[in-house]
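Structure at a glance
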Amino acid sequence: MESKIATKPRKKMMTSVYLKFFETVPDGKSRRCKFCGQSYSIATATGNLGRHLSNRHPGYDKATGDAVANPALLPTIVIKKNQPQAKMPQVDLDHLNWLLIKWLIVASVPPSALEEKWLANSFKFLNSSIQLWPGEKFQAVLREVFRSMREDVTVILEQVSSKVSITLDFWTSYEQIFYMSVTCQWIDENWSFQKVLLDISHIQSPCTGAEIYHTLVKILKMYNIYNRVLSCTHDNSPEAMRSCHTLKDNIDSQKVGPFCYVPCAARTLNSIINDGLGTTKPIISKIREFVLEMNASVQIREEFTEFATAFQEGSWKFPLDASARWSGSYQMLDIMRKAGKSTENVIRKYEESLGSKVLLSSAEKNAVNIMHAFLEPFYKTTNNMCNNKLPTIGLVVFFMDHISETISACRDSRHSPDWLKSAAEGMEVKARKYNEQACNIFTYMTAILDPRIKVELIPESLNSENYLEEARAHFIRYYCANHFSSMTSGFCSPELEDGGSFSFAEEIARKKRRVSMSSASTDELTQYLSEPPAPLPTDVLEWWKVNSTRYPRLSLMARDFLAVQATSVAPEELFCSNGDEIDKQRFSMPHNSAQALLCIKSWTEGGVRLKYKSTEIDYERLMELATSAAADNSAAGINKKQN
């Protein structure tokens, strides 16, 4: 009897400890956990309540005496907001892994980053139930997403009614693996420019023109666009040029349509500029050291701003572009040319920390002024190319012709110092080489179809009566005769049983119709070229959208040719600092993740929905759930502190 009396108080004590963490709901029929809102029947055994605490809130199931009175002795627990069971969102913890998939794609981070032990422990600190997928599963999911989305890209390309153009880009990763990216461009029926990354492929060593060619053909046939490619813009490398030449030979031999390959104007221009900067690069490096220090110090920036205001040397937006790309190099020349007094005064004031070596001598200042004046047209050209909505071949060739004239004027000027004339001679060689490669009938046709350029603004080296006649012939052959044939395909019957006399007559009639149609079509081209060019700020695609009814056949040709790219990469990726980030991502991407991650990122940025096994992943809904869970946790944490 005494034994029973001894055990009852102990059992009662444990029961009271568990019940402290549960509250009775107003209907009196159930108890609800104060931490997570989980409900149990009022008749649930206290042992089950203890097991709930042990599984979901470790530590509280062992709380007795002082531990209950002093919550600081217990482990910190993430508490969810108290809600009625019917309204409580049931968030699948596996959603976190899908959100991490999205993060890997957006940030271009390889799945191996998620295998870091401290990252997994950090998630477990927030919720002990979280289980991150192993690295192999992240890889497998990404591969499946890549496969599913590539099917959608294939469907998109099947629906394109015009010719397409492609661009090639190449780089080497930290693993010394050589990659090629192939991007497809076209203009849709609403006169909107479209592009999509086709693939990122590993080019086997040794990287030859033959290897590039075979990989490229495989990609084009995989997407079923081999017979619809009008042009390929390459990166100016000899291997890429050889592969494009082989591709042209094969396409021409199969008579699937015309094909041309185009050198990258942006890479040519960047190389020309680097030659021009050669002599002043050590000076630019000294200026860059100062600018980097100024970007990092609020005090130095404020001092510089005060001096610039006092000396009336303009206002400057910080941080200044101090990248090693062309935009950053010109910024260095610009700040020294326009705010030289302010720069020198700040350097002298902080000479102890900056060092006197960053001060420029009189000869160096003079070189900066000369180089700044010489390269200003180059900067305006690249700035225009970067900011132009559609830098057409016509516009870019127009700019490149101006660059050639600028170089020639510098070389021939008696005011140019010898070191600058020497640089100009090397620059002129590269400009001439580009003109030799770029100036052909295809470039001519693309240029005249830009309503801002037409014949009037075409460079002298490209302007030829022969080219104009060839353009007319091409227009009639591919955009008039074919168009007519498709309209009259119902009349093209097989040979008749009566000896074919009617077929012969129909052939004569067909020729007469073709002559009539060709004459009308040629008038479209003549009328178009007879009108003055549109102003240079004109939106080319909008112009054609408005005028396509006036030139129904010529507009078909314009849709094809205006998609031909003047550069193999976006100009801003080459000339501006954001190209640094792209290079870092590519360089650091391991081989087992490069293709899937970079392709998926490009596709999602282009509007292709992220899919897994043909099922669309609703990331907006996942983010809503994550935000809701975060809000619940935050509110529950506040409630816990108040309790």
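In case you missed it, the structure is sitting above this.
Now for a look at the structure at hand. (Residues numbered from 1 in each chain as written. Predicted model: local features only at pLDDT ≥ 70, side-chain atom pairs only at ≥ 80, totals over all residues. Heavy atoms only, no water.)

What follows covers unusual backbone geometry. Residue Pro206 follows Ser205 across a cis peptide bond; omega there is 0°. The residue Pro206 is located in the loop between strand E6 (193–202) and helix H7 (209–222) in this model. With an omega of -5°, the peptide bond running from Phe318 to Pro319 counts as cis. Checked against the element boundaries, Pro319 lands in the loop between helix H11 (298–310) and helix H12 (326–338). Residue Trp191 is not a glycine yet carries a positive backbone phi of 60°. Relative to the helices and strands, Trp191 resides in the loop between strand E5 (178–187) and E6. Notably, Asn236 is not glycine yet its phi reads approximately 80°, a positive angle. (Helix = DSSP H or I, 4+ residues; strand = E, 2+ residues; numbered from the N terminus.)

Here H11 crosses helix H13 (residues 340–349) at 140°, and the two axes come no closer than 9 Å. Viewed along their axes, H11 and H13 adopt a mutual orientation that is oblique. The way H11 lies across H13 gives a crossing that is right-handed. Two secondary-structure elements touch here, H11 through Ile300, Glu303, Phe304, Phe307 and Ala308 and H13 through Ser342, Thr343, Asn345, Val346 and Lys349. The class makeup of the residues in the contact of H11 with H13 is five nonpolar, three polar and two charged. (Axes fitted to C-alpha atoms, helices over the stretch in contact; angles between N-to-C directions. Parallel < 35°, antiparallel > 145°, perpendicular 65-115°, else oblique. Left-handed = near helix turned anticlockwise from the far one by under 90°. Contact = heavy atoms within 4.5 Å. Nonpolar A, V, L, I, M, F, W, Y, C, P; charged D, E, K, R; others polar.)

Moving on, we come to the nonpolar core. Judged by nonpolar contacts, the single largest core of 99 residues is most densely connected at Phe378 and Trp544. Examining the composition of this core, we find that nine residues originate from one element, helix H16 (residues 393–412), more than from any other. Residues lining this core come from more than one domain, with at least three contributed by each of domain 1 (264–386 + 570–589) and domain 2 (392–480 + 535–566). For Trp544, the contacting residues outside a window of four places in its chain are Trp191, Leu449, Pro451, Tyr528, Tyr551, Leu554, Ser555, Ala558 and Leu562. In this structure, Leu142, Ile166, Leu197 and Ala596 belong to the second largest nonpolar core, which totals 67 residues. (Core = buried A, V, L, I, M, F, W, Y, C linked by side-chain atoms within 4.5 Å. Buried < 20%, exposed > 50% of the residue type's maximum accessible area, 1.4 Å probe, protein only. Domains from an automatic or database assignment.)

This part is about the side chain of Arg452. Position of Arg452 among the secondary structure elements: in the loop between helix H18 (441–448) and helix H19 (465–487). Since its relative accessible area comes to 2%, Arg452 is described here as buried. Polar side-chain contacts of Arg452 include one of 2.9 Å to the side chain of Asp450. At 3.5 Å, the side chain of Arg452 and the backbone oxygen of Leu536 are in polar contact. If sequence neighbours within four positions are ignored, Arg452 has contacts with Asn388, Leu390, Thr392, Leu395, Leu457, Pro533, Ala534, Pro535, Leu536, Thr538 and Val540. (Polar contact = N/O pair within 3.5 Å; in protein donor to acceptor, adjacent residues only side chain to side chain.)

What follows deals with the sheet that holds strand E3 (residues 39–41). Strand order across the open sheet formed by three strands is E1-E2-E3, with antiparallel pairing between neighbours. Strands with a single pairing partner mark the edges of an open sheet, and in this sheet they are strand E1 (22–24) and E3. Going from strand to strand, the sheet's axes swing by 30° on average, the running direction of each strand aside. Pairing geometry for E1 and strand E2 (residues 30–33), over three bridges, is antiparallel. Residue pairing in the sheet places Phe22 in a bridge with Cys33 of E2. (Pairing = 2+ DSSP bridges.)

We now examine the packing of aromatic side chains. A complete count under the given rule lists 25 aromatic pairs for this structure. Look at Tyr528 and Trp543: their rings are 5.9 Å apart centre to centre, the planes differ by 70°, and that puts the pair in the edge-to-face class. Residue Tyr528 is located in helix H20 (residues 501–530), and its partner Trp543 is located in helix H21 (residues 540–547); the two are separated by 15 residues in the primary sequence. Across the pair, Trp543 and Tyr528 agree in class, each one buried. Among the aromatic residues, ring-to-ring pairing joins Trp191, Tyr528, Trp543, Trp544 and Tyr551 into one connected group. (Phe/Tyr/Trp six-rings, centres within 6.5 Å; stacked < 30°, edge-to-face > 60°.)

Attention now moves to the pattern of salt bridges. The final tally for this structure, using the stated rule, is 25 salt bridges. Between Arg432 and Glu428 there is a salt bridge; the shortest N-O distance is 3.9 Å. In this pair, Arg432 and Glu428 both sit in helix H17 (residues 418–438), four residues apart, roughly one turn of the helix. A relative accessible area of 13% places Glu428 in the buried class. The salt bridge partner of Glu616 is Arg609, with a shortest N-O separation of 3.0 Å. Since its relative accessible area comes to 38%, Glu616 is described here as partly exposed. On the basis of relative accessible area, Arg609 is assigned to the partly exposed category, the value being 44%. By sharing partners, the salt bridges in this structure join Arg411, Asp412, Glu428 and Arg432 into a single network. (Salt bridge = Lys/Arg side-chain N within 4 Å of Asp/Glu carboxyl O.)

The next subject is the packing of H16 against H17. When two helices pack together, their arrangement is captured by the angle between the axes and the distance separating the axes. Two elements in contact, H16 and H17, have axes whose closest approach is 9 Å; the angle formed by their N-to-C orientations is 150°. By the angle between their axes, H16 is roughly antiparallel relative to H17. Note on packing geometry: the crossing formed by H16 with H17 is left-handed. Residues Val396, Val397, Met400, Ser404, Ile407, Ser408, Cys410 and Arg411 of H16 form the contact with H17, whose participating residues are Leu420, Lys421, Ala424, Glu425, Met427, Glu428, Ala431, Tyr434 and Asn435.

Across the sheet, five strands lie side by side as E6-E5-E4-E7-E8; this open sheet has mixed pairing. Bordering the open sheet on either side are E6 and strand E8 (260–262), each of which pairs with just one other strand. On average, each strand axis in the sheet is inclined to that of its neighbour by 25°, with strand direction left out of account. Note: strand E4 (residues 164–172) against strand E7 (residues 229–233), four bridges, orientation parallel. If you follow Thr167 over to E7, its bridge partner there is Thr233. The sheet strands contacting helix H6 (residues 135–158) are E5 and E6, and the helix crosses E6 at an angle near 135°.

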